[in-house]
Amino acid sequence: MTTANTTAPTATVARAKKVVTDAAVDTAAATKQTAETTVAAAQDTVTKNYEQAVALTKEQVEKASKKAFEAYEELTAFNKETVDALVQSSTVLAKGLESLSKSFVAYAQSSLESSVSATKALLAVKTLREAVDLQSEFAKTSFDTLVSEATKTSEMSVKLANEAIEPISARVNAVVTKFGKPRLAA
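Computed from a predicted model, the values in this text were never measured in an experiment. (Residues numbered from 1 in each chain as written. Predicted model: local features only at pLDDT ≥ 70, side-chain atom pairs only at ≥ 80, totals over all residues. Heavy atoms only, no water.)

So, about the overall build of the protein. Looking only at helices and strands, one finds 2 helices and 0 strands in the protein. A compact globule built from 186 residues would reach a C-alpha radius of gyration of about 16 Å, whereas the protein, at 52 Å, exceeds it by more than 25%. Each of the 186 residues in the protein was classed as buried or not, and the buried ones make up 8%. When the 22 positive and 22 negative side-chain charges of the protein are each reduced to one mean point, those points stand 7 Å apart. (Helix = DSSP H or I, 4+ residues; strand = E, 2+ residues; numbered from the N terminus. Rg over C-alpha atoms; globule rule 2.2 N^0.38 Å. Buried < 20%, exposed > 50% of the residue type's maximum accessible area, 1.4 Å probe, protein only. Lys, Arg positive; Asp, Glu negative; His and termini not counted. Charge placed at Lys NZ, Arg CZ, Asp CG, Glu CD.)

Right, dumping it as C-alpha cells:
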C-alpha cells in the first residue's frame, strides 16, 4: 500500500507537470503568435506611414519644382521684355543723335558759307563805313542764327530724351506694378 500511495501522488505530480508544461508550451506558442502578429502589424503600419511620407514628399517636391520653373519662365519672359525696351530705347537714341549730328553739320556748313560770303563781301567794300555796316550785319545775322539753331537743338534734344526714356519708363512702371505689391502665397 505504501507503494500505491506513493505512485498516485507521483502520477498526479507527473500529470500536473505535463499539464503545466503543456500550458506553458501553449502560452509560449500563443505569446509567440501574438508577438509575431503585433510585429507584422507594426511593420505594416510603419511601411504604410513611410509610403505616405514618401508620396507626400514627392508631391511637395513636384509642386515646388513646378512653381520654380513657372517663376523662372515668367522671369525670363519679363527680362526679355526689358531687353527689348532697352534695344528700342537705344534705337530711338541712335536715330535722334544722328538727326542732331546732321543738324549740327548743316548749321556748321551754313555758318561757314555765310562766313566765306561775308569775307568776300568785306574784301569788296570801298569804305570803312561799308565794312563796319557789313560786319555788324554779319554779326547780328550770325547771332540770330546761333540762337535759333540752339533753340532748335535744345528742343530736338528734349524730344529725343523723352522718346528714348519712354520704353525704359514703361518697363520701370511694369516692374513696380509686378514686384512692388506683396504677392499672396498660392
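What follows picks up the thread again.
Together, Leu75, Val175 and Phe179 make up a nonpolar patch on the protein surface, roughly 250 Å² of accessible area in all. Tracing the backbone through its elements, the reader meets Phe179 in helix α2 (residues 128-179). (Patch = residues over 30% accessible without salt bridge, like charges linked within 9 Å, V, L, I, M, F, W, Y side chains within 5 Å. Areas by Shrake-Rupley, 256 points an atom, 1.4 Å probe, with all protein chains shown as cover. Salt bridge = Lys/Arg side-chain N within 4 Å of Asp/Glu carboxyl O.)

Attention now moves to the packing of aromatic side chains. For any pair of aromatic rings, the description rests on two quantities: the centre-to-centre distance and the angle between the ring planes. Tallying each qualifying case throughout the model produces 0 aromatic pairs. One Lys or Arg, Arg171, reaches over the ring of Phe78 and ends 4.3 Å from the middle of that ring. (Phe/Tyr/Trp six-rings, centres within 6.5 Å; stacked < 30°, edge-to-face > 60°. Lys NZ or Arg CZ within 6 Å of the ring centre and 35° of its normal.)

Within the secondary structure layout, Tyr107 lies in helix α1 (residues 2-123). Since its relative accessible area comes to 18%, Tyr107 is described here as buried. When the C-alpha atoms of Tyr107 and Leu146 are compared, they prove to be 8.6 Å apart, with 39 residues separating the residues in sequence.

Looking now at the UniProt feature "domain: Phasin" (unreviewed entry) in the protein. Residues annotated in UniProt with the feature "domain: Phasin" (unreviewed entry) correspond here to residues 73-172. Secondary structure content for residues 73-172 is 96% helix and 0% strand, while the C-alpha to C-alpha distance between its ends is 20 Å. (UniProt positions renumbered as here; feature names shortened; annotations may be inferred.)

Once that is clear, we can look at the environment of Val132. Residue position: Val132 is located in helix α2. Among the residues examined, Val132 registers a relative accessible area of 40% and is labelled partly exposed. Note: C-alpha distance between Val132 and Leu122 (10 residues apart in sequence) is 9.1 Å.

For α2, spanning 52 residues, the distance from its first C-alpha to its last is 74 Å, which sits close to the expected 76 Å at 1.5 Å a residue. Largest kink in α2: about 40°, centred on Glu166, with the proline Pro167 one to four residues after it. For α2, the complete set of buried residues consists of Ala131, Glu149, Leu160, Ala164, Pro167 and Arg171. (Expected span 1.5 Å × (residues − 1). Bend = angle between axes of the 7 residues up to and from the residue.)

If you walk through the whole model with that rule in mind, you get 10 salt bridges. The partner of Lys80 in a salt bridge is Asp84, with the nearest N and O atoms 3.1 Å apart. Here Lys80 and its partner Asp84 are both found in helix α1, 4 residues apart, which amounts to about one turn of the helix. Taking the relative accessible area as the measure of exposure, Asp84 reaches 38% and is therefore partly exposed.

The subject of this paragraph is the side chain of Glu149. With respect to the helices and strands, Glu149 occurs in helix α2. Since its relative accessible area comes to 16%, Glu149 is described here as buried. Looking at Glu149, its side chain comes within polar contact range of the side chain of Ser103, at 3.1 Å. When neighbours within four sequence positions are excluded, Glu149 is seen to be in contact with Ser103 and Tyr107. (Polar contact = N/O pair within 3.5 Å; in protein donor to acceptor, adjacent residues only side chain to side chain. Contact = heavy atoms within 4.5 Å.)

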